[in-house]
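Coordinates in review
Spelled out, the chains give:
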Amino acid sequence: MKIVSVALCLVLPYAIGFTYNVPPDKLRYWDNLIEQHKQECMEENGIDPKVGQTFLLSQEIPDEENYRCYMKCLAKATGIYDTTNHVYLKESTMTNLGITEEIFYECFQRDGEDDCDKVHSSVECLMQKFIV
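Residues numbered from 1 in each chain as written. Predicted model: local features only at pLDDT ≥ 70, side-chain atom pairs only at ≥ 80, totals over all residues. Heavy atoms only, no water.

1. Some thoughts on the overall build of the chain
Tallying secondary structure elements over the chain gives 8 helices and 4 strands in all. Put simply, the chain has 132 residues, and 42% of those count as buried. Within the chain, counting contacts between residues at least 6 apart in sequence, those at least 24 apart form 56% of the total. When the accessible surface of the chain is split by element, carbon and sulfur atoms take 55% of a total near 7,700 Å². (Helix = DSSP H or I, 4+ residues; strand = E, 2+ residues; numbered from the N terminus. Buried < 20%, exposed > 50% of the residue type's maximum accessible area, 1.4 Å probe, protein only. Contact = heavy atoms within 4.5 Å. Areas by Shrake-Rupley, 256 points an atom, 1.4 Å probe, with all protein chains shown as cover.)

Take a look at the structure:
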């Protein structure tokens, strides 16, 4: 029974979406970057507008296929992810997200099953860098 309780404690935050503690100014900066692309990417991926408009500011990153692909759509639309070559564009990513080269290499050089998974993994890593 103890094993089940421990397993639930470890898995539950990921099942319901994990909340981070990113500084508000950084969140607003990132949210402004994606604002003009949200509607198109929500429609393309069947995202609930209530969640799609606020997922970044609320710091809740749903771990569902359509949300992973929503994030990929936003990354492509902002010019930081190249879906043809399946890579992040280093200079664009660092400039647009205001991150260091160290964070770029740690968070944006990850593998994934597909582009959606790769972007989701990178976003989670980036958000974790700001946990206080």
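2. Re helix α3 (residues 38-45)
Buried residues of α3: Lys-38, Cys-41, Met-42 and Asn-45, and no others. Along the axis of α3, the buried residues cluster in a sector spanning 105°; they form a single face. Of the exposed residues in α3, those oriented more than 90 degrees away from the buried face are Glu-40, Glu-43 and Glu-44. Packing partners of the buried residues in α3 comprise α2 (24-34), α4 (49-58) and α5 (65-77). Of the residues trailing α3, Gly-46 is marked for its positive phi of about 65°. (Arc of directions from axis to C-beta.)

3. Some details on the pattern of salt bridges
Here the structure, examined in full by the defined rule, presents 6 salt bridges. The partner of Arg-68 in a salt bridge is Glu-65, with the nearest N and O atoms 2.8 Å apart. Of the two residues, Arg-68 and Glu-65 are both situated in helix α5; the distance of 3 residues between them amounts to about one turn of the helix. We classify Arg-68 as buried; its relative accessible area is 15%. By relative accessible area, Glu-65 is classed as partly exposed at 40%. (Salt bridge = Lys/Arg side-chain N within 4 Å of Asp/Glu carboxyl O.)

4. What to know about the environment of Glu-40
The residue Glu-40 is located in helix α3 in this model. Classification of Glu-40 as exposed rests on a relative accessible area of 54%. Along the chain, Glu-40 and Tyr-70 lie 30 residues apart, while their C-alpha atoms are 9.5 Å from each other.

5. Quick look at empty space enclosed by the protein
A complete count under the given rule lists 1 cavity of 30 Å³ or more for this structure. Space inside the largest cavity adds up to approximately 240 Å³. Along the wall of the largest cavity there are 17 residues; nearest its centre are Ile-34, Leu-56, Ile-80, Leu-97 and Val-123. For the lining of the largest cavity, the secondary-structure elements that each account for two or more residues are α2, α4, α5 and α8 (115-128). Looking at the lining of the largest cavity element by element, the count peaks at 4 residues for α8. Looking at the lining of the largest cavity residue by residue, the class counts come to 16 nonpolar, 1 polar and no charged. (1 Å grid on protein atoms, 1.4 Å probe; cavity = no way out; pocket = protein on both sides within 12 Å on 5 of 7 lines; lining within 4 Å. Points joined across faces, edges and corners; volume = space filled by probe spheres on them. Nonpolar A, V, L, I, M, F, W, Y, C, P; charged D, E, K, R; others polar.)

6. Focus on the state of the cysteines
Counted according to the given criterion, the structure contains 3 disulfides. Through a disulfide, Cys-69 is tied to Cys-116; the S-S separation comes to 2.1 Å. Judged by the sign of its S-S torsion, about 105°, the bond between Cys-69 and Cys-116 is right-handed. Taken as a pair, Cys-69 in helix α5 and Cys-116 in helix α8 lie far apart in primary sequence, 47 residues in all. (Disulfide = S-S within 2.5 Å.)

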